Amino acid sequence: MTAMLQPQYAAKVHPRAAKSRFFHDRGAETLSRDALAKLQLKRLRETLKNAYDKVPLHRERMKTLGVRPQDIKSLEDVRRLPFTLKGDLREHYPFGMFARPREQLARLHASSGTTGKPTVVGYTARDLDTWADLMARSMACAGARPGDVVHNAYGYGLFTGGLGAHYGAERLGATVVPMSGGSTERQVLLIQDFGARVLCATPSYALAIAEVAEREGVDLRASKLEVGLFGAEPWSEAMRREIEARMGLKAVDVYGLSEIMGPGVAVECEAQDGLHAWEDHFLIEIIDPDTGAPLPEGEAGELVITTLTKEALPMLRYRTRDITRVTTARCACGRRHVRLQRITGRNDDMLIIRGVNVYPSQIEAVLVGLPGVAPHYQLVVERSGSLDELTVEVEAATLEHALEELQERVRHQIKSMIGVTTRVVAKKPGEVPRSQGKAVRVRDLRPKKA
Ligand code: DLL
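Residues numbered from 1 in each chain as written. Predicted model: local features only at pLDDT ≥ 70, side-chain atom pairs only at ≥ 80, totals over all residues. Heavy atoms only, no water.

Undergrad: Where do I start with the pattern of salt bridges in this structure?
TA: Working definition: two side chains of opposite charge can pair if their charged atoms are close together. Applying the stated criterion across every chain yields a total of 40 salt bridges. For Arg319, the salt bridge is made with Glu302, and the minimal N-O distance between the two is 2.7 Å. One end of the pair, Arg319, is in strand β12 (residues 318–324); the other, Glu302, is in strand β11 (residues 301–307), and 17 residues separate them in sequence. Residue classification places Glu302 among the buried positions, given a relative accessible area of 1%. In this structure, Asp348 and Arg346 form a salt bridge, with 3.3 Å as the shortest nitrogen-oxygen distance. By relative accessible area, which is 26% here, Arg346 ends up partly exposed. (Salt bridge = Lys/Arg side-chain N within 4 Å of Asp/Glu carboxyl O. Helix = DSSP H or I, 4+ residues; strand = E, 2+ residues; numbered from the N terminus. Buried < 20%, exposed > 50% of the residue type's maximum accessible area, 1.4 Å probe, protein only.)

Undergrad: Looking at this structure, I do not really get the domain arrangement of the protein chain. What am I missing?
TA: When the domains of the protein chain are assigned, the result is domain 1 (1–347) and domain 2 (350–444). Just the C-alpha atoms count here: the centres of domain 1 and domain 2 sit 28 Å apart. Counting residues at the interface gives 25 residues for domain 1 and 18 residues for domain 2. Carbon and sulfur atoms supply 54% of the area that domain 1 and domain 2 bury against each other, a total of about 1800 Å² over both sides. Remark: the boundary between domain 1 and domain 2 carries 1 salt bridge. The partner of Glu211 in a salt bridge is Arg434, with the nearest N and O atoms 2.7 Å apart. Between domain 1 and domain 2 we count 9 residue pairs in polar contact (both at pLDDT 80 or more) in total. When contributions to the side of domain 1 that touches domain 2 are tallied by element, the ones reaching two or more residues are α9 (203–215), α10 (237–247) and β15 (345–346). Examining the composition of the side of domain 1 that touches domain 2, we find that 5 residues originate from one element, α9, more than from any other. (Domains from an automatic or database assignment. Contact = heavy atoms within 4.5 Å. Buried area = accessible area lost by both parts, 1.4 Å probe. Polar contact = N/O pair within 3.5 Å; in protein donor to acceptor, adjacent residues only side chain to side chain.)

Undergrad: In this structure, what is going on with the sheet that holds strand β5 (residues 198–201)? I would like to understand it.
TA: Adjacent strands of a sheet pair through backbone hydrogen bonds, lying either parallel or antiparallel. With mixed pairing, 9 strands are arranged side by side in an open sheet as β4-β3-β5-β6-β7-β8-β9-β14-β13. If you trace the sheet from one side to the other, it starts and ends with β4 (175–178) and β13 (326–327), each paired once. The pairing of strand β3 (residues 149–152) with β4 spans 4 bridges and is classified as parallel. In the sheet register, His151 faces β4, and the bridge partner there is Val177. Strands in contact with helix α7 (residues 160–172) are β3, β4, β5 and β8 (262–268); relative to β8, the strand with the most contacts, it is inclined by about 65°. (Pairing = 2+ DSSP bridges. Axes fitted to C-alpha atoms, helices over the stretch in contact; angles between N-to-C directions.)

Structure representation (structure tokens):
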């Protein structure tokens, strides 16, 4: 798989980044773990008071459990609080979970979701200010610097990616190019003409940009691009290597979700070894998704986040459904904030194929980098009797590749790496759909549950 990564394509290290360590907010980013814990407890208590006084749902749930804000005396006590679920936001659509009257909100965002009503989130002016700061901090952590040109190809609109990265880049002191997604030829042109050093996009869209550039004979490795802030969807190490090789930049993972804020909840530093979650603003827990019981450091489980500074939409123990593990081990970069392992997928993205649990990103890790296979794929899930069956649609890298040989090789590779039997359909170059934002990786053709 690493055969593709030839030395001349290796990510460039920015001279300023190599020479001196840069922080957007050195004080907050390098707080000791003790100081962080003290700050968290103080802010947790303020958040609880806000939620209890202003949001009937939180107050009623806490009353049912017999907990009052003043009963929370340590960070461990957070476990006495009720969970909040995505469904709660839907059921209180549109503004029922806000802790501020609508007139005091400066902005709304929403995520569409696959069924029913969208999830609506709101921000006060101070919430937006905090978000811009955390996104600027995330960008700096990833290697962006004041004065850079930041090409922002995250979608603008109700999705938090576009505006989140936009105001973060401005706050950092960069020059932001508000491209949004789509018009890929134009993206290629402006990345070169405006001299972008930083690219913000979903990893799947970054790959689509790389592909269009190559088709047009443009070598983005020779452009000024050095840092990519990629997130909003699961991706694999193999995909990281692929993008780094084709764009000649350092591809950094950024995580976030609208219910908690948007992009900038956690981000990798230049060590690319886990995503620092900004604990001065978020309290992180990992739980067993089946029992809700807390899991010790290092064990994989569901990420649960409590916001510590949000005014308009305080979230108590929000179940993200994202699966990860955490470490508090010291990081080479000097930041003490806990690191999340790359998020492999959501709990509800997991497929059970003939008794084997599979995340789409695991399949991706096998496919990307295989000789003759393009890094574009879709998974089709069907029901046959009582069993789920998986068809993996892959794409030949060139017209010269014999599709049958490719199918057999990919099938064998998936079986031997993941242990699951799949059907593989190889398509001609360009036949697997490309994304402009979050990629659609799974087509679920199973009958809908009643
Ligand atoms: O995707 C916010 C965002 C924008 C993050 C731009 C990063 C960059 P939502 O649309 O609410 O918000 O979707 C949130 O996307 O719960 C994860 O399942 C998934 N996700 C986000 N970032 C990553 C990542 C934005 N780096 C949901 N790796 C989350 C894996 C991610 N999954």
